[in-house]
Structures are given as C-alpha cells and as structure tokens.
Amino acid sequence: MLNLGKIILHTIVLIGFYQVGLLIQTTFQLFVPGSVIGMILLFIFLSLKVIKVTWIENGARFIVDNLALFFIPVTVGILEYYDVFAGKGALLILIALISTMLVMGISGATSQWLVRRRAEEHD
C-alpha cells in the first residue's frame, strides 16, 4: 500500500511539471509543446538537484513499465483515418522498418561511443 502511495505521489509531481510546461506554453504562445517544456524543466531541476531522482523514481518507473498501454488510444485513433492509409500499406511498412533500423543503429552506435569514452576517462 505504501508503494502505491509513492507511485501516486511521484506521478503527481511528474504531472505537475507537465502542467507547468503547458501553462508556460499557453501563456507565452510558444510553438514548443508544453510537454517538452515540462520535460526540460524537469531535466533542469534534476540537474541542479532542486528535486531528487528518488522523488519521481517510482512514478516514472510505473509510467515506463506501462508505456505500451498509452499507445492503444493512438492506434485506435488511426483507424479513423483508414482512407488516408489505404493502398499505402507496403510503403508504410517499409518506412517503419527503415526508421526502426536507423533508430536501433544510431542508438547502439551512440551507446557504444559513450561506453568507450567513459572507459578511456577511467584509464
């Protein structure tokens, strides 16, 4: 029960950053989405150690663990635009495969570069 309370509290903190980002975006009429502004604020607060990782860790882990559930409404929403995607299925599959391979390749190369750099710093 205590863990559930932590998850709820940590999620509320994360939602608070999201809401502040939305407020900034609407107040200043910025083209950057409020969610991105909220993430940048969260990053700054974590970097400056204004808030601790332990204050959001359980909520963030819960959200990431259940991330697949957040894509269900988007997938269902795409069905509303079936006529846009009809006839272009093979092209969309090709684009999805190529972009997935690019993301995996670039992510792998970047992580290997970071590991090598860190190993060189320790030597």
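The sections below set out a description of the structure shown in this document. (Residues numbered from 1 in each chain as written. Predicted model: local features only at pLDDT ≥ 70, side-chain atom pairs only at ≥ 80, totals over all residues. Heavy atoms only, no water.)

## Some points on the pattern of salt bridges
Consideration 1: In total, this model carries 2 salt bridges according to the counting rule given.
Consideration 2: Close ionic contact of E57 with R61 constitutes a salt bridge, the shortest N to O distance being 3.2 Å. Of the two residues, E57 and R61 both sit in helix α3 (residues 57–65), 4 residues apart, roughly one turn of that helix. (Salt bridge = Lys/Arg side-chain N within 4 Å of Asp/Glu carboxyl O. Helix = DSSP H or I, 4+ residues; strand = E, 2+ residues; numbered from the N terminus.)

## Side note on the side chain of H10
Consideration 1: Counting through the fold element by element, H10 comes out in helix α1 (residues 2–27).
Consideration 2: Those residues in contact with H10 that lie beyond four places of it in its chain are T54, W55, I56, E57, N58 and G59. (Contact = heavy atoms within 4.5 Å.)

## Brief notes about the side chain of T11
Consideration 1: Topologically, T11 is positioned in helix α1.
Consideration 2: Other than its neighbours up to four places away in sequence, T11 contacts G59 and I63.

## A few points about helix α2 (residues 34–47)
Residues lying three or four places apart along an α-helix face the same way, a consequence of the helix completing one turn every 3.6 residues.
Consideration 1: The first and last C-alpha atoms of α2 sit 20 Å apart over 14 residues, in line with the 20 Å expected at 1.5 Å per residue.
Consideration 2: When we look at burial in α2, the residues that qualify are G34, I37, G38 and L42. Considered in projection along α2, the buried side chains sweep an arc of 140° and stay on one side of the axis. Opposite the buried face of α2, by more than 90 degrees, sit the exposed residues M39 and F43.
Consideration 3: Note on α2: the residue one or two positions beyond its end, K49, has a positive phi of about 60°. (Expected span 1.5 Å × (residues − 1). Buried < 20%, exposed > 50% of the residue type's maximum accessible area, 1.4 Å probe, protein only. Arc of directions from axis to C-beta.)

## Structural notes on the nonpolar core
Consideration 1: Within the largest apolar cluster, 5 residues are counted, these being L14, F17, L42, I51 and I56.
Consideration 2: Beyond its immediate stretch of four places on either side in the chain, L42 contacts L14, F17, I51 and I56. (Core = buried A, V, L, I, M, F, W, Y, C linked by side-chain atoms within 4.5 Å.)

## Quick word on the packing of aromatic side chains
Consideration 1: Inspection of every chain in the model, using the stated rule, returns 1 aromatic pair.
Consideration 2: Relative to F45, the ring of F17 lies with its centre 5.4 Å away and its plane at 80°, an arrangement referred to as edge-to-face. Taken together, the residues F17 in helix α1 and F45 in helix α2 connect sequence positions 28 residues apart.
Consideration 3: Taking relative accessible area as the criterion, F17 reaches 14% and is therefore assigned buried.
Consideration 4: For F45, a relative accessible area of 31% gives the class partly exposed. (Phe/Tyr/Trp six-rings, centres within 6.5 Å; stacked < 30°, edge-to-face > 60°.)

## Regarding the environment of L114
Consideration 1: Relative to the elements of secondary structure, L114 occurs in helix α7 (residues 89–122).
Consideration 2: Its relative accessible area of 42% is what places L114 among the partly exposed residues.
Consideration 3: In this structure the C-alpha to C-alpha distance between L114 and K6, which are 108 residues apart in sequence, comes to 33 Å.

## Some thoughts on the packing of α1 against α3
Consideration 1: Across the interface, α1 lies against α3 with an axial gap of 7 Å and an inter-helix angle of 85°. When the axis of α1 is compared with that of α3, the two are roughly perpendicular. For the pair α1 and α3, the contacting residues are N3, K6, I7, H10, T11 and L14 in the first and E57, N58, G59, A60, F62 and I63 in the second.
Consideration 2: Taken together, the residues of the contact of α1 with α3 break down into 5 nonpolar, 5 polar and 2 charged. (Axes fitted to C-alpha atoms, helices over the stretch in contact; angles between N-to-C directions. Parallel < 35°, antiparallel > 145°, perpendicular 65-115°, else oblique. Nonpolar A, V, L, I, M, F, W, Y, C, P; charged D, E, K, R; others polar.)

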